[in-house]
Amino acid sequence: MVIDGKKIAGEMLINVAEEVKKLTKPPRLAAVLVGDTGNGRKFLELKKKAAEGVGIEYRIYEFPAAITTQKLRKEIVGIAKAGINDGVIVELPLPAHINTQYVLNAIPAEKDIDVLSEKSQGAFFAGRSSILPPAVEAVKIILEKHGIDLKGKNCAIFGYGLLVGKPVSHWLAQEGATVSIINEFTPDPAEMSKYADIVISGVGKANLVKADMIKERAVVIDFGYKSVEGSDFSSKDLDRKIVNPRFAGQSSSVANRDKSVGDVEFENVGRKASLITPVPGGVGPIVITAVLKNLVTLVEHD
């Protein structure tokens, strides 16, 4: 069965819109873009449509690619301190010369809807966070939607990145699953993944996970993304890929126009898997909706 991420996101967006209406004023999301990378601007504009579609105000703050780490951090501190901004996100990846974690640490926990500052991550890993990292929320929703109990399940995670592998593997273990992490140094990934009940990949390498690497009836969740033009995107970028919510529930022909592939060899793996997410139209729409959901939750807890 192919998981319809657009449909799930559409249902979530209805709930988010209802929660926004209950607030005394519309929340505002501030998005930071460093350098005109083309795709970065496109993704933020799509995100803007999704946010405004549920009544959330949205502002993009742009800075030149040559900005220094110290200057960018100072700017983000100012953006976060502005009372009008209820949540702050930074479009990743940042230019190579920027100290990414140092910049992300400038976002206060009460406005860190991506859960990327060290303080926010610490709260999440300690079980004290009121929100989940967007990738974790997406996995949680997919599994709950299909009635999958994690207790006793074997899970294989490809990649251990900041946005997907690290938080997702932690959450799965907390929920009672046995987790195996596969990275670039794993000698034989298939030996670990082919016994897993659930396989999750967030590496950003096209067709990395093949049919002979999973068992029959496994659940496969793909966070990877690669454009047809040949630009590779890691799981860090996928959290920023937004499908316009007005497409929620439409046929897969809309997704096919995006012409992109994920980490998973979709057609062959799909014949064996009990559940599988497509790329695009799988976890992407759910992740961005989780970001908006997090914003509303933090505002409600303020």
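Residues numbered from 1 in each chain as written. Predicted model: local features only at pLDDT ≥ 70, side-chain atom pairs only at ≥ 80, totals over all residues. Heavy atoms only, no water.

S.K.: If you had to explain the overall build of the protein to someone new, which residues and values would you point to?
M.R.: Looking only at helices and strands, the protein has twelve helices and eleven strands in total. Per-residue burial over the protein gives 53% buried out of 302 residues. (Helix = DSSP H or I, 4+ residues; strand = E, 2+ residues; numbered from the N terminus. Buried < 20%, exposed > 50% of the residue type's maximum accessible area, 1.4 Å probe, protein only.)

S.K.: Describe in detail the sheet that holds strand β5 (residues 178-182), supporting the description with residues and values.
M.R.: Strand order in the open sheet made by the five strands is β5-β4-β6-β7-β11, with parallel pairing throughout. At either end of the open sheet lies a strand with only one pairing partner, and these are β5 and β11 (275-276). Strand direction decides the pairing type here: strand β6 (residues 198-201) and strand β7 (residues 219-222), joined by four bridges, are parallel. Residue pairing for β7: Ser-201 is matched across the bridge by Asp-222. Along the sheet face, helix α7 (residues 165-174) touches β4 (154-158), β5 and β6 and points at about 170° away from the line of β4. (Pairing = 2+ DSSP bridges. Contact = heavy atoms within 4.5 Å. Axes fitted to C-alpha atoms, helices over the stretch in contact; angles between N-to-C directions.)

S.K.: Mind laying out the environment of Val-199, listing which residues take part and the relevant values?
M.R.: Note that Val-199 resides in strand β6. Residue Val-199 is classed as buried on the basis of its relative accessible area, which comes to 1%. Sequence separation between Val-199 and Ile-221 is 22 residues, and the spatial gap between their C-alpha atoms is 6.3 Å. The contacts of Val-199, once residues within four sequence positions are left out, are Ala-156, Phe-158, Ser-193, Val-209, Ile-214, Val-219, Val-220 and Ile-221.

S.K.: If you had to explain the packing of helix α6 (residues 134-145) against helix α12 (residues 283-301) to someone new, which residues and values would you point to?
M.R.: The N-to-C vectors of α6 and α12 enclose an angle of 115°; their axes lie 8 Å apart at closest approach. Considering their axes alone, α6 and α12 lie roughly perpendicular with respect to each other. Considering only the axes of α6 and α12, their crossing is right-handed. Here Pro-134, Ala-135, Glu-137, Ala-138, Ile-141 and Ile-142 of α6 lie close against α12, whose contacting residues are Val-283, Ile-286, Val-287, Ala-290, Val-291, Lys-293 and Asn-294. Considering only residue class, the contact of α6 with α12 consists of ten nonpolar, one polar and two charged. (Parallel < 35°, antiparallel > 145°, perpendicular 65-115°, else oblique. Left-handed = near helix turned anticlockwise from the far one by under 90°. Nonpolar A, V, L, I, M, F, W, Y, C, P; charged D, E, K, R; others polar.)

S.K.: Explain the pattern of salt bridges residue by residue, including any values.
M.R.: Inspection of the entire model under this criterion finds ten salt bridges. Ionic pairing is found between Glu-137 and Lys-293, a salt bridge with its closest N-O pair at 3.2 Å. Residue Glu-137 is found in helix α6, and its partner Lys-293 is found in helix α12; the two are separated by 156 residues along the sequence. Taking relative accessible area as the criterion, Lys-293 reaches 33% and is therefore assigned partly exposed. (Salt bridge = Lys/Arg side-chain N within 4 Å of Asp/Glu carboxyl O.)

S.K.: Can you break down unusual backbone geometry residue by residue, with the values?
M.R.: A cis amide bond links Leu-92 to the next residue, Pro-93, at an omega of 0°. By the secondary structure assignment, Pro-93 is in the loop between β3 (87-90) and α4 (100-104). Here Val-279 and Pro-280 are connected by a cis peptide whose omega angle stands at 0°. With respect to the helices and strands, Pro-280 occurs in the loop between β11 and α12. The phi torsion at Asn-207 lies on the positive side, around 55°, for a residue other than glycine. Assignment of secondary structure puts Asn-207 in the loop between β6 and β7. Taking relative accessible area as the criterion, Asn-207 reaches 30% and is therefore assigned partly exposed. A positive phi is found at Arg-217, a non-glycine position, where the angle reads about 70°. Given a relative accessible area of 60%, Arg-217 falls into the exposed group.

S.K.: Pulling in residues and values, what's your account of helix α3 (residues 69-81)?
M.R.: An α-helical turn contains 3.6 residues, so any two residues separated by three or four positions project in the same direction. Here α3 is 13 residues long and its end C-alpha atoms lie 18 Å apart, about the 18 Å a rise of 1.5 Å per residue gives. At its buried positions, α3 is contacted by β1 (28-34), β2 (57-63), β3 and α4. (Expected span 1.5 Å × (residues − 1).)

S.K.: I'd like a description of the pairing of β3, backed by residues and values.
M.R.: On β3, burial covers both faces: Gly-87 and Ile-89 on one face and Val-88 and Val-90 on the other are all buried. For β1 and β3, the ladder comprises four bridges, and the chain directions are parallel. Residue pairing in the sheet places Ala-31 in a bridge with Ile-89 of β3.

S.K.: Outline α7, supporting the account with residue identities and numerical values.
M.R.: Within α7 the residues assigned to the buried category are Gly-165, Pro-167, Val-168, Ser-169, Trp-171 and Leu-172. Along its buried surface, α7 packs onto α5 (118-125), α6, β4, β5 and β6. Gly-176 sits one or two positions beyond α7 and adopts a positive phi of about 100°.

S.K.: Report on the sheet that holds β2, specifying residues and quantitative values.
M.R.: With parallel pairing, three strands are arranged side by side in an open sheet as β2-β1-β3. Every interior strand has two partners, whereas the edge strands, β2 and β3, have only one. Averaged over neighbouring strand pairs, the angle between their axes works out to 20° when direction is ignored. The pairing of β1 with β2 spans seven bridges and is parallel. Along β2, the bridge assignment pairs Leu-33 with Glu-62. Across the sheet, α3 is in contact with β1, β2 and β3; its angle to β1 comes to roughly 170°.

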